[in-house]
Amino acid sequence: MTRNDNGPVAGINVRGATLYRGFLTPADQAGMVEVLRRVVAEAPLFSPETRWGRKMSVRMTSAGRYGWFSDRRGYRYIERHPSGTPWPAIPDPVHEIWRALVPEARPPDCCLVNLYGEGAKMGLHQDRDEADFSQPVVSISLGDEALFRIGTTERSGKTESVWLKSGDVLVLGGAARLAFHGIDRVRTGSSSLLRDGGRINLTLRVVD
Ligand code: SIN
Ligand code: MN
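Source: prediction; values computed, not measured.

Asker: Any chance you could break down the pattern of salt bridges for me, citing the residues and the numbers?
Answerer: For the structure on display, the rule yields 13 salt bridges. A salt bridge links Arg205 to Glu130, with the nearest nitrogen and oxygen atoms 3.7 Å apart. Remark: Glu130 occurs in the loop between β7 (122-125) and β8 (137-143) and Arg205 occurs in strand β13 (residues 199-205); sequence separation between them is 75 residues. When its relative accessible area of 6% is taken as the criterion, Arg205 is described as buried. For Glu130, a relative accessible area of 6% translates into the label buried.

Asker: If you had to explain the site of ligand 1 to someone new, which residues and values would you point to?
Answerer: Residues in contact with ligand 1, as listed here, are Asn114, Tyr116, Met122, His125, His181, Ile183, Arg199 and Asn201. Note that an oxygen atom of ligand 1 is positioned 3.1 Å from one of the side-chain N or O atoms of His125. A distance of 3.2 Å is found between an oxygen atom of ligand 1 and a side-chain nitrogen or oxygen belonging to Asn201. Elements with a minimum of two residues in the shell around ligand 1: β6 (110-116), β7, β12 (181-186) and β13. The residue makeup of the shell around ligand 1, split by class, is 3 nonpolar, 4 polar and 1 charged.

Asker: Tell me about the sheet that holds β12, residues and numbers included.
Answerer: On the basis of which strands lie adjacent, the open sheet formed by 4 strands has the order β7-β12-β9-β10 and antiparallel pairing. A single partner strand is all that each edge strand has here, and the edge strands are β7 and β10 (160-164). For this sheet, the mean angle separating the axes of adjacent strands, direction not counted, is 25 degrees. Examined bridge by bridge, strand β9 (residues 146-150) and β10 share 5 bridges and lie antiparallel to one another. Considered in β10, the bridge of Phe148 is made with Val162.

Asker: For the packing of aromatic side chains, give the residues involved together with the corresponding values.
Answerer: Summed over the entire model, instances satisfying the criterion amount to 4 aromatic pairs. Judged by centre distance (5.9 Å) and plane angle (50 degrees), the ring pair of Phe46 and Phe69 falls under tilted. With Phe46 in the loop between α1 (26-42) and β3 (59-63) and Phe69 in strand β4 (residues 67-71), this residue pair connects regions lying 23 residues apart in the sequence. We note that Phe46, like Phe69, is buried. Aromatic side chains Tyr66 and Tyr77 sit 6.3 Å apart centroid to centroid with 65 degrees between the ring planes, which places their arrangement in the edge-to-face category.

Asker: Can you lay out the coordination of the manganese ion (ligand 2) for me, pointing to particular residues and giving the numbers?
Answerer: Distances from the manganese ion (ligand 2) to its protein donors, namely His125 (NE2), Asp127 (OD) and His181 (NE2), fall within the range 2.1 to 2.2 Å. Spacing between the donor residues of the manganese ion (ligand 2) along the chain follows H-x1-D-x53-H. With His125 in strand β7 and His181 in strand β12, the pair connects residues that are 56 residues apart, well separated along the chain. A residue is classified by how much of its surface remains accessible, and His125, at 22% relative accessible area, is partly exposed. The class for His181 is buried, based on a relative accessible area of 7%.

Asker: How would you explain the sheet that holds β13 if you had to name every residue and give the values?
Answerer: Read across the open sheet, the 7 strands follow the order β1-β2-β11-β8-β13-β6-β3; overall the sheet is antiparallel. Bordering the open sheet on either side are β1 (12-14) and β3, each of which pairs with just one other strand. On average, each strand axis in the sheet is tilted by 20 degrees relative to the strand beside it, whichever way the strands run. Sheet topology places β1 next to strand β2 (residues 17-20); 3 bridges connect them, and they run antiparallel. When the bridges of β2 are listed, Val14 appears paired with Ala17.

What counts and how
- Residues numbered from 1 in each chain as written.
- Chains lettered and ligands numbered in written order.
- Predicted model: local features only at pLDDT ≥ 70, side-chain atom pairs only at ≥ 80, totals over all residues.
- Heavy atoms only, no water.
- Salt bridge = Lys/Arg side-chain N within 4 Å of Asp/Glu carboxyl O.
- Helix = DSSP H or I, 4+ residues; strand = E, 2+ residues; numbered from the N terminus.
- Buried < 20%, exposed > 50% of the residue type's maximum accessible area, 1.4 Å probe, protein only.
- Near = heavy atom within 4 Å.
- Polar contact = N/O pair within 3.5 Å; in protein donor to acceptor, adjacent residues only side chain to side chain.
- Nonpolar A, V, L, I, M, F, W, Y, C, P; charged D, E, K, R; others polar.
- Pairing = 2+ DSSP bridges.
- Axes fitted to C-alpha atoms, helices over the stretch in contact; angles between N-to-C directions.
- Phe/Tyr/Trp six-rings, centres within 6.5 Å; stacked < 30°, edge-to-face > 60°.
- Donors = N, O, S within 2.8 Å, 3.2 Å for Na, K, Ca; no water.

Honestly, it's all geometry; don't read function into it.
Written out as C-alpha cells, the structure is:
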C-alpha cells in the first residue's frame, strides 16, 4: 500500500463514521483485486438466503478465521466455507489497511467479501453478530460507485446518503459501530476496475 507513505490522511465524518476518500491508489486497488481473485478461487462466491428464505442479491465469501453466513436458521459466523474447506487467510494488503486506520484495535478475524452485480443492494441493517462492539468495522469499496446510507442505532433514525467510490475506506467505530446502514444502489459501469464490472465491498470485523 503506497498511500500511507504520504503521512496521515484525513477522514470525513458521515454521521459518526469516518470516510477516507481515495485511501487506496489505483495501483493499490488493482493489486487488491488480484489478491481477491485468489481468495475467491479458494472460497467461491455464493448467495446466502436471509432468515426469511429469500436469496440475497449480493454474492459473498469470506477470508479469515470466520466467515459470515446466513440461511433460514439466521445470521452467524462459521469456521468453514459451505463447501467444507477452511476460509483462506485475510490477505496482507487488507491487514495493512486495518493497521493504518485503526492501529489500536485487535486484528480482524473476518474479511467479508461482497460482490454487487447489476441491481444488487443491501437493506438497512446493523452489524451485530460480533462479541465486542468496542472493536471497529472497516469497510473497503472497489469498483462501481454505490449509494451508501447510514443512520443511527434506531432503525427509524434519520439517515444520510453518500456515494462510496473505488478506493474509499469507511470506519464504523464508537457510536457509529452499531449504526444502521445499507446500500441503496450501485452505479453500473461507473468504474472499470473489475473486468466483469460491478462492485466489491470488503468488510473487516473482529468477531470474538
Ligand atoms: C455491509 O454492510 O455488509 C456492506 C456495506 C457495503 O457494501 O458498503
Ligand atoms: Mn453491514
